[in-house]
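# Observations on the three-dimensional arrangement
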Amino acid sequence: MTIETKTKTYLNFLNGQWAASSSGEVQASLNPANSDVVGYVQMSTKEELDQAVSAAKSAQIAWRKLSGNERGNYLHKAANVLERKADEIAECMTREMGKTLPEAKGETARGVAILRYYAGEGMRKAGDVIPSTDRKALMFTSRVPLGVVGVITPWNFPVAIPIWKIAPALIYGNSVVIKPAQETAITCAKVIECFEEAGIPAGVLNLVTGSGSVIGQALTDNPDVNAITFTGSNEVGKRIGQGALARGAKYQLEMGGKNPVIVAADADLELAVEGTISGAFKSTGQKCTATSRVIVESKVYETFKEKLVAKVKEITVGDGLKEGIWMGPCANESQLKTVLSYIEKGNQEGAALLIGGKQLTGDAYEKGFFVEPTIFENVTSEMTIAQEEIFGPVIALIQVDTLLDAIEVANDVKFGLSASIYTSNIQSMLSFVEEMEAGLVRINAESAGVELQAPFGGMKQSSSHSREQGEAAKEFFTAIKTVFIK
Ligand code: TAP
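Once a new chain begins, its residue numbering starts again from 1 and follows that chain's sequence as written. Totals for whole chains, interfaces and linings use every residue, but because this is a predicted model, local features are given only for residues with pLDDT of at least 70 and side-chain atom pairs only at 80 or more, for both listing and counting. Side-chain calculation: all heavy atoms of the structure are included, whereas hydrogens and water are not.

### Focus on the packing of aromatic side chains
In this description, a pair of aromatic rings is defined by centroid distance and the angle of the planes. Here a Phe, Tyr or Trp ring, Trp counted by its six-membered ring, pairs with any other such ring whose centre lies within 6.5 Å, and the pair is stacked when the planes are under 30 degrees apart, edge-to-face when over 60, and tilted otherwise. Counted by the stated rule, this structure contains seven aromatic pairs. Look at Trp 164 and Phe 456: their rings are 5.5 Å apart centre to centre, the planes differ by 70°, and that puts the pair in the edge-to-face class. Linking Trp 164 in helix α5 (residues 160-171) with Phe 456 in the loop between β19 (440-443) and β20 (459-460), this pair joins segments that are 292 residues apart in sequence. Both residues of the pair, Trp 164 and Phe 456, belong to the buried class. Ring geometry for Tyr 365 against Phe 370: centres 5.1 Å apart, planes inclined by 65°, an arrangement best described as edge-to-face. Each of the two residues, Tyr 365 as well as Phe 370, counts as buried. A ring is considered to have a charge above it if a Lys NZ or an Arg CZ atom is located within 6 Å of its centre and within 35 degrees of its normal. Across from the ring centre of Tyr 74, 5.9 Å away, lies the NZ or CZ of Lys 77, which sits over that ring. Counting from the N terminus, the helices are the DSSP runs of H or I reaching at least four residues and the strands are the DSSP runs of E reaching at least two. Each residue is assigned to one of three classes by its accessible area relative to the maximum for its type, calculated with a 1.4 Å probe on protein chains only: buried under 20%, partly exposed between the two thresholds, exposed over 50%.

See the structure below:
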């Protein structure tokens, strides 16, 4: 059954049925480009979340008994449906959270590719044979599902993040209850529809929307949820981790970043400018891997700065659905206010505003949450804008004398998600790889982005030190059983 779109009210998906919440309450999802109502989503109750978990618990018994290939066939079918509906879903994403349509289409295509990758995972190895010291025994490991997995996702990648958690959870034989960010719950509902159309058995995948403090908390606390996978802010992530730990559930947290780009004196400056702009301003800087600090060797500082500012002036800001727009709005009003408050802090603490810094107003921006792409210079490592995640289109330029200084500054934050360097010197590349405290290190490439078949995750306070995506996902979504047969 397709969700009722005429009334623009989206429902929960509970035990194979679309259902309204008994609360009778819905929340409007607003387009951040113009404040139009995109649709309404359910404000569910704790009881509904608990019902979804019970359904998932029952359904998991039969689901885990299917072969990996059989489970993979559902993912293959869901990938085909998503591919067919890609344009509609990408447009919904742009309307719900503002990223430009080409970016939304790219993310949706990524969702299709992730589903296909994990569909194949059902046919790959699920354990190892380990030589026993007893010549008459067979000893091996078997990867087994955890049970019910709770998935809590943010709004910045509303297709890719739910899929990169749901797909591995399902392929390894777990059932799922997802609570997406309210901000982008409609896009998530459309993803769930793809699984429904693929014929996923009732109860194996459930969607419950509502506030984080009610539904997210209830998912964290429910004793039948065996594992929680979370992506979002550090504040919420830590609370979820503590809750899961207290009741002995497995958990995985992917959180914030404060990602640096180092521009060495021997860098290809055109390439460095291109990578800095793409890493910092695509998705309006609302990526966990977005570039937010640019650390430049003094020998090339002025030239790099000039080239960077000239390119930033070319950025077109506006409604991401319109052609020719390169950067959309902040995802909501509170995000815009946060960005503006960091800009104010930058000014107060003595950084020099090079370009941008203001909310965009006037006809094309009326009722939207637009901010100019912003660059500060004369930033020092102890300033707030060099330490805290802004999650907006703001970069801090930091000048250093040597590469060693650059790496020291790059590491001088509590986060360790992604880091990049532009250099043509192999020794500098290797020093960076060795010294940089980050889960993703990228050379002559922007800080944002990782291929879906490679491990993804951070060091330090960016992560609970697990990894997502690729084969690495198996570590979280399965338990190892060691088998000894004599
Ligand atoms: P959060 O505010 O942390 O929200 C993330 C999710 O947690 C939402 O679904 C939210 O629900 C829910 N939540 C809120 N309070 C909760 C509670 N008490 N218990 C359980 N769940 C709760 O993050 P955000 O603003 O959506 O996303 C931006 C953050 O995500 C940034 O810090 C960014 O760096 C991070 N991020 C990290 C990564 C990786 S892979 N490291 C990738 C993308 C984003 P609501 O619907 O109520 O908001």
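### Here we look at the side chain of Glu 96
Inspection of the secondary structure puts Glu 96 in helix α3 (residues 86-97). Buried and unpaired, Glu 96 has no salt bridge, with Lys 190 as the nearest side chain of opposite charge at 8.8 Å. A contact between two residues is defined here by any heavy atoms of the two lying within 4.5 Å. Not counting the four nearest positions on each side in its chain, Glu 96 is found in contact with Ser 29, Leu 30, Pro 32, Val 38, Gln 182, Glu 183, Thr 184, Ala 185, Ile 186, Thr 187 and Ala 331. Only four residue types enter the tally: Lys and Arg on the positive side, Asp and Glu on the negative side; His and the chain ends are excluded. Throughout this description, the term salt bridge denotes a Lys or Arg side-chain nitrogen within 4 Å of a carboxyl oxygen of Asp or Glu.

### Section: α3
Take the number of residues in a helix, subtract one, and multiply by 1.5 Å to get its expected span. Over its twelve residues, α3 extends 16 Å from the first C-alpha to the last, a length consistent with the 16 Å expected when each residue adds 1.5 Å. The secondary structure elements touched by the buried residues of α3 are β4 (26-30), β5 (37-42), α2 (68-84), α4 (101-121) and α6 (185-197). Phi turns positive, to about 100°, at Gly 98, one or two residues after α3.

### Description of the layout of surface pockets
Remark: the empty space left among the atoms is shown by a probe the size of a water molecule rolled over them. Here a cavity denotes a set of grid points, spaced 1 Å apart and computed over the protein atoms alone, in which a 1.4 Å probe fits but from which it cannot get out, and a pocket denotes an open set meeting protein on both sides within 12 Å along at least five of seven lines; residues with an atom within 4 Å of a point are reported as lining. Grid points are joined across faces, edges and corners, and a volume is the space filled by probe spheres set on the points. In this structure, the largest pocket encloses a volume near 1,200 Å³. Along the walls of the largest pocket sit 47 residues, with Pro 154, Trp 155, Gly 232, Ser 233 and Val 236 positioned nearest its centre. Of all the elements in the fold, those that place two or more residues in the lining of the largest pocket are β4, α7 (212-221), β10 (227-231), α8 (234-246) and α11 (333-348). Where each domain starts and ends follows an automatic or database-derived domain assignment. For the lining of the largest pocket, the two domains that each supply at least three residues are domain 1 (5-255 + 463-485) and domain 2 (259-451). If you add up the space inside the second largest pocket, you get close to 450 Å³. Lining the second largest pocket are 21 residues, with Arg 110, Phe 157, Lys 287, Ala 448 and Gly 449 positioned closest to its centre.

### Observations concerning the side chain of Arg 71
Within the element layout of this structure, Arg 71 appears in helix α2. Notably, Arg 71 is buried but unbridged: the nearest opposite-charge side chain belongs to Glu 70, and the N-O separation is 7.2 Å. Here the side chain of Arg 71 touches Arg 64 through a polar contact of 3.2 Å, landing on its backbone oxygen. We call two N or O atoms a polar contact when they sit within 3.5 Å, provided that within protein one can donate a hydrogen and the other can accept it, with sequence-adjacent residues counted only if both atoms are side-chain atoms.

### Considering the site of the ligand
Residues in close proximity to the ligand total 30 residues, the closest being Gln 182, Gly 212, Ser 233, Met 255 and Glu 389. Backbone polar atom of Ala 181 to an oxygen atom of the ligand: 3.4 Å apart, as the coordinates give it. A distance of 2.8 Å separates an oxygen atom of the ligand from a polar backbone atom of Gly 212. All accessible-area figures derive from a Shrake-Rupley calculation using a 1.4 Å probe, and residue coverage is judged against the displayed protein chains alone. For the ligand, whose free accessible area comes to 920 Å², the fraction covered by protein is 88%. The way we define it, a molecule is inside a pocket or cavity when more than half of its atoms are within 2 Å of that pocket's grid points. More than half of the atoms belonging to the ligand lie within 2 Å of the grid points that define the largest pocket. Broken down by secondary-structure element, the contributors of at least two residues to the shell around the ligand are α7, β10 and α8. Per-element tally for the shell around the ligand: the top contributor is α7, with four residues. Polar here means any residue outside two lists: the nonpolar Ala, Val, Leu, Ile, Met, Phe, Trp, Tyr, Cys and Pro, and the charged Asp, Glu, Lys and Arg; Gly therefore counts as polar. Split into classes, the residues belonging to the shell around the ligand amount to 14 nonpolar, twelve polar and four charged. Proximity criterion: a residue is near a molecule or strand once any of its heavy atoms comes within 4 Å of it.

### Re a negative patch on the surface
Candidates for patches are residues over 30% relative accessible area with no salt bridge; among them, like charges are joined within 9 Å and nonpolar side chains (Val, Leu, Ile, Met, Phe, Trp, Tyr) within 5 Å. Where a charge sits is defined by one atom per residue type, namely NZ (Lys), CZ (Arg), CG (Asp) or CD (Glu). Among the surface-exposed residues, Glu 349, Glu 382, Glu 388, Asp 401, Asp 405, Glu 408 and Asp 412 lie close enough to one another that they form a single negatively charged patch. The class for Glu 382 is exposed, based on a relative accessible area of 64%.

### A word on a nonpolar patch on the surface
A cluster of nonpolar residues, Val 129, Leu 138 and Ile 485, forms a patch on the protein surface that exposes about 280 Å² of accessible area. Its place among the elements puts Leu 138 in strand β6 (residues 138-145). Taking the relative accessible area as the measure of exposure, Leu 138 reaches 41% and is therefore partly exposed.

### Re the packing of helix α1 (residues 46-65) against α7
Running from N to C, α1 and α7 cross one another at 35°; their axes reach a closest spacing of 9 Å. Both α1 and α7 take part in a crossing whose hand is right-handed. Taken together, the residues of α7 that come into contact with α1 (itself represented by Lys 46, Leu 49 and Val 53) are Val 214, Ile 215, Ala 218 and Leu 219. In the contact of α1 with α7, the residues fall into six nonpolar, no polar and one charged. Axes here refer to lines fitted to C-alpha atoms; in helices the fit is confined to the stretch in contact. Angles between the N-to-C directions go from 0 to 180 degrees. Crossings are classed by handedness, with left-handed meaning an anticlockwise turn of the near helix from the far one by less than a right angle and right-handed meaning a clockwise turn.

### Section: the confidence of the model for the protein
The predicted coordinates of low-pLDDT regions are not to be read in fine detail. As a per-residue measure, pLDDT tells how confident the predictor is, with possible values from 0 to 100. For the protein, per-residue confidence averages 97 on the pLDDT scale, and residues scoring 70 or more make up 99% of the total. Under a pLDDT of 50 for its full length, residues 1-7 has, in the predicted model, 13 contacts with residues more than four places off or in other chains.

### Some points on the sheet that holds β19
Two strands form a pair only when DSSP identifies at least two bridges running between them. In space, the seven strands of this open sheet follow the order β14-β15-β16-β13-β12-β18-β19, with mixed pairing throughout. Edge positions in the open sheet fall to β14 (352-355) and β19, since each of these has one partner strand only. Taking the axes of each pair of neighbouring strands and ignoring which way they run, one obtains an average angle of 25° across the sheet. Two elements, strand β18 (residues 418-422) and β19, share four bridges in a ladder whose sense is parallel. Bridge pairing in β19 places Ser 420 opposite Arg 442. Of the strands in this sheet, β12 (259-263), β13 (291-297), β14, β15 (374-377) and β16 (394-400) touch helix α10 (residues 298-312), which is tilted by about 140° from β13.

### Focus: the nonpolar core
For soluble globular proteins, nonpolar side chains are generally found buried alongside one another. In terms of nonpolar packing, the biggest core is built from 70 residues, with Leu 75, Leu 115, Tyr 118, Leu 170, Ile 192 and Phe 195 touching the most fellow members. No other element matches α5, which puts nine residues into this core. Two domains each put at least three residues into this core: domain 1 (5-255 + 463-485) and domain 2 (259-451). When residues no more than four places from it in sequence are discounted, the contact partners of Leu 75 are Leu 115, Tyr 118, Ala 119, Ala 167, Leu 170, Ile 171 and Phe 195. By convention a nonpolar core is built from buried Ala, Val, Leu, Ile, Met, Phe, Trp, Tyr and Cys residues, the set being connected through side-chain atoms within 4.5 Å. Core analysis: the next-biggest nonpolar cluster, separate from the first, contains 31 residues, Val 371, Met 383, Ala 406 and Ile 421 among them.

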